[in-house]
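As a plain string of letters, each chain reads:
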Amino acid sequence: MKKNIAFIINPVSGTSSKANISESIQQIIDKEQFADCRIIYTAYKGHGTELASSFAAEGLDVVVAVGGDGTVNEVAKALVNTPTALGVISTGSGNGLARHLKIPSNMAKAIEQLNFSEVIRMDYGLVNDEKPFFCTCGTGFDAYVSELFSRGTTRGMMGYLEKMVKGYLNYEPQHYRMTGKGIDLDGEAFVITFANASQWGYNAYIAPNASVQDGLLDISVISMVPVIAIPTLAFQLFTKTIEKDLLVSTLRTDEITLYREKPGPFHLDGDPHDEGTEIRIRIVPEGLNVLVKKRF
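Definitions and cut-offs
Residues numbered from 1 in each chain as written. Predicted model: local features only at pLDDT ≥ 70, side-chain atom pairs only at ≥ 80, totals over all residues. Heavy atoms only, no water. 1 Å grid on protein atoms, 1.4 Å probe; cavity = no way out; pocket = protein on both sides within 12 Å on 5 of 7 lines; lining within 4 Å. Points joined across faces, edges and corners; volume = space filled by probe spheres on them. Nonpolar A, V, L, I, M, F, W, Y, C, P; charged D, E, K, R; others polar. Helix = DSSP H or I, 4+ residues; strand = E, 2+ residues; numbered from the N terminus. Core = buried A, V, L, I, M, F, W, Y, C linked by side-chain atoms within 4.5 Å. Buried < 20%, exposed > 50% of the residue type's maximum accessible area, 1.4 Å probe, protein only. Contact = heavy atoms within 4.5 Å. Phe/Tyr/Trp six-rings, centres within 6.5 Å; stacked < 30°, edge-to-face > 60°. Lys NZ or Arg CZ within 6 Å of the ring centre and 35° of its normal. Salt bridge = Lys/Arg side-chain N within 4 Å of Asp/Glu carboxyl O. Arc of directions from axis to C-beta.

J.: How should I be thinking about the layout of surface pockets in this particular structure?
T.: Roughly 310 Å³ of internal volume is contained in the second largest pocket. In the lining of the second largest pocket, the residues fall into seven nonpolar, three polar and five charged.

Here it is, written out as structure tokens:
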């Protein structure tokens, strides 16, 4: 039986042109496999969630998020706990979840992979029981940089690096406490990342052993980052060896509560949000259908 599929395209994600995406989809998607192929562009923040919710209510088989991790988050949170499967074509900046799922960064190859895909069940995370994330969330320096990046006009890796350099000079680490099953940690931290998938994006692996199918959060805590340690930490992020660093602690659990000194930035899949001083993070096992390359 043929499947019905819809593509939700964020026209302002990343740095690449979206001018020919509709034509490429129509040319490459397998019409023998997908009967009804709808293509629609988002017009404002949150529009992707509204569209995906409508498509899921109609009973569409697949809804494809075309954009970055923020677009994926908007679409995916409308599909959790429904039969509708998420597809991803990455046109954003970091594209952390797409990279983790081994979805090609080349647009044409990503569309073609949809023709040779299968559905798996993946976990997702919840912050304070109401805000989903699918790749990573966290607080500290990365959340601070996410907030700076969201205000800037330069997109892509260069824009992110610019904010990291400027942010490092101004950022002051906070004191945190984390409690959970067999966990009670207290101290100052530079970064705390709660990972469902393995990376922030750009192939920077903050939690290289994370799996979207193990029912667990991988929590990476970087205690401090003196200037002299930056080159080594950067190398380890891109070689999947960050867990070996003495400045990094790794925990695994399905649920944890974070306490901090003051409210402020907390990112969800790279998008900054303001959260309070007590934040509960938990994993929801097998809550989302997602398309990945078919295994033979």
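J.: I keep staring at empty space enclosed by the protein and nothing clicks. Help me out?
T.: A complete count under the given rule lists one cavity of 30 Å³ or more for this structure. By volume, the largest cavity is sized at about 60 Å³. The wall of the largest cavity is formed by Val 88, Ile 103, Ala 110, Gln 113, Leu 114, Ser 117, Leu 291, Val 292 and Lys 293. For the lining of the largest cavity, the secondary structure elements donating two or more residues are helix H5 (107-114) and strand E16 (278-293). The residue inventory of the lining of the largest cavity, partitioned by class, reads six nonpolar, two polar and one charged.

J.: Please explain the nonpolar core as it appears in this structure.
T.: Soluble globular proteins tend to bury their nonpolar side chains together. Residues Phe 7 and Leu 86 are the most contacted members of the largest nonpolar core, which totals 50 residues. Non-local contacts of Leu 86, meaning those with residues more than four positions away in its chain, are made with Val 63, Ala 65, Val 72, Val 75, Ala 76, Leu 79, Leu 288, Asn 289, Val 290 and Leu 291. Among the nonpolar cores identified, the runner-up in size contains 40 residues, and Ala 195, Val 221, Leu 251 and Ile 279 belong to it.

J.: Help me understand the packing of aromatic side chains, please; the structure alone is not making it clear to me.
T.: For the structure shown, the criterion picks out six aromatic pairs. Measuring from ring centre to ring centre gives 5.7 Å for Phe 141 and Tyr 171, while their planes differ by 65°; the resulting arrangement is edge-to-face. Of the two residues, Phe 141 is situated in helix H6 (residues 141-151) and Tyr 171 in the loop between helix H7 (156-170) and strand E8 (174-180); the sequence distance between them amounts to 30 residues. Tyr 171 shares its class with Phe 141; the two are buried. Considering the side-chain rings of Tyr 144 and Tyr 171, the 5.2 Å spacing of their centres and the 40° angle between planes classify their relative orientation as tilted. Of this pair, Tyr 144 sits in helix H6 while Tyr 171 is found in the loop between H7 and E8, placing the two residues 27 residues apart along the sequence. Members of the aromatic cluster, joined through ring pairs, are Phe 141, Tyr 144, Tyr 171 and Phe 190. The positively charged end of Lys 240 is found above the aromatic ring belonging to Tyr 205, 4.7 Å away from the centroid.

J.: What is the right way to read the pattern of salt bridges from this model?
T.: Pairing is possible between side chains of opposite charge, provided their charged atoms come close. For the coordinates displayed, the defined rule picks out twelve salt bridges. Close ionic contact of Asp 36 with Arg 38 constitutes a salt bridge, the shortest N to O distance being 3.0 Å. Put simply, Asp 129 and Arg 280 hold a salt bridge, and the shortest N to O gap is 2.6 Å. Here Asp 129, found in the loop between strand E5 (117-127) and strand E6 (131-133), pairs with Arg 280, found in strand E16; they are 151 residues apart in sequence, far enough to count as distant.

J.: Could you clarify how one ought to interpret helix H8 (residues 230-238) in this entry?
T.: In an α-helix, one turn spans 3.6 residues; hence positions three or four apart end up facing the same way. Within H8, the full set of buried residues consists of Leu 233, Gln 236 and Leu 237. All buried residues of H8 fall inside an arc of 105° around its axis, so they share one side. Those residues of H8 that are exposed and angled more than 90 degrees off the buried face are Pro 231 and Phe 235. Of the surrounding secondary structure, the elements contacted by the buried residues of H8 are strand E12 (248-253). Where H8 terminates, the next one or two residues include Lys 240, which has phi positive at roughly 60°.

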